[in-house]
Amino acid sequence: MHYQAVYQKIDYKRYQFLRQQSGLSPKTDEAARLGMENSLCCVAILDEDNDNEIVGMGRIVGDGACHCQVVDICVLPEHQKKDLEN
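For clarity, every value in this text was computed on a predicted model and none was experimentally measured.

Trainee: I'm lost on the state of the cysteines in this one. Help?
Mentor: Simply put, the disulfide is a covalent bond whose two ends are the sulfur atoms of two cysteines. As enumerated under the stated definition, the model contains 0 disulfides in all. Of all cysteine sulfurs, the one in C42 lies closest to C41, which takes part in no disulfide; the gap is 6.6 Å. With relative accessibility at 4%, the residue C42 sits in the buried group.

So, in structure tokens, the structure goes:
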């Protein structure tokens, strides 16, 4: 399998899907949409062997001044432990 990490915002529906399938708590449509819109940075993991499907993600949120936090690190179960740095 070949993967690529890219900086890109993720559609909020895909964000909800990735969270739920990876075992994270669900988010409402409104919370997911606002969260994605207000992210400082998003990284998507693309499965290059499957039409660049987004199979994982992470994002950075912050207060706009001093503090940032890495959140929502998730990878679909079937892609976990698959050497995603390649």
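Trainee: Even after reading the chapter, I still don't get the environment of E30, so can you show me in this structure?
Mentor: Examined against the element boundaries, E30 turns out to sit in helix α2 (residues 29–37). Residue classification places E30 among the exposed positions, given a relative accessible area of 52%. Remark: the alpha-carbon pair of E30 and Y12, spanning 18 residues in sequence, is separated by 9.1 Å.

Trainee: Explanation requested: the pattern of salt bridges in the structure shown.
Mentor: Oppositely charged side chains are able to pair whenever their charged atoms sit close together. Scanning all chains against the criterion turns up 5 salt bridges. One salt bridge connects R59 with D72, and the closest N-O pair in it is separated by 2.4 Å. Of this pair, R59 sits in strand β3 (residues 53–62) while D72 sits in strand β4 (residues 68–75), and the two are 13 residues apart along the sequence. Overall, D72 belongs to the buried group, its relative accessible area being 11%.

Criteria and cut-off values
Residues numbered from 1 in each chain as written. Predicted model: local features only at pLDDT ≥ 70, side-chain atom pairs only at ≥ 80, totals over all residues. Heavy atoms only, no water. Disulfide = S-S within 2.5 Å. Buried < 20%, exposed > 50% of the residue type's maximum accessible area, 1.4 Å probe, protein only. Helix = DSSP H or I, 4+ residues; strand = E, 2+ residues; numbered from the N terminus. Salt bridge = Lys/Arg side-chain N within 4 Å of Asp/Glu carboxyl O.

Without other data, these values stay purely geometric and don't point to any function.
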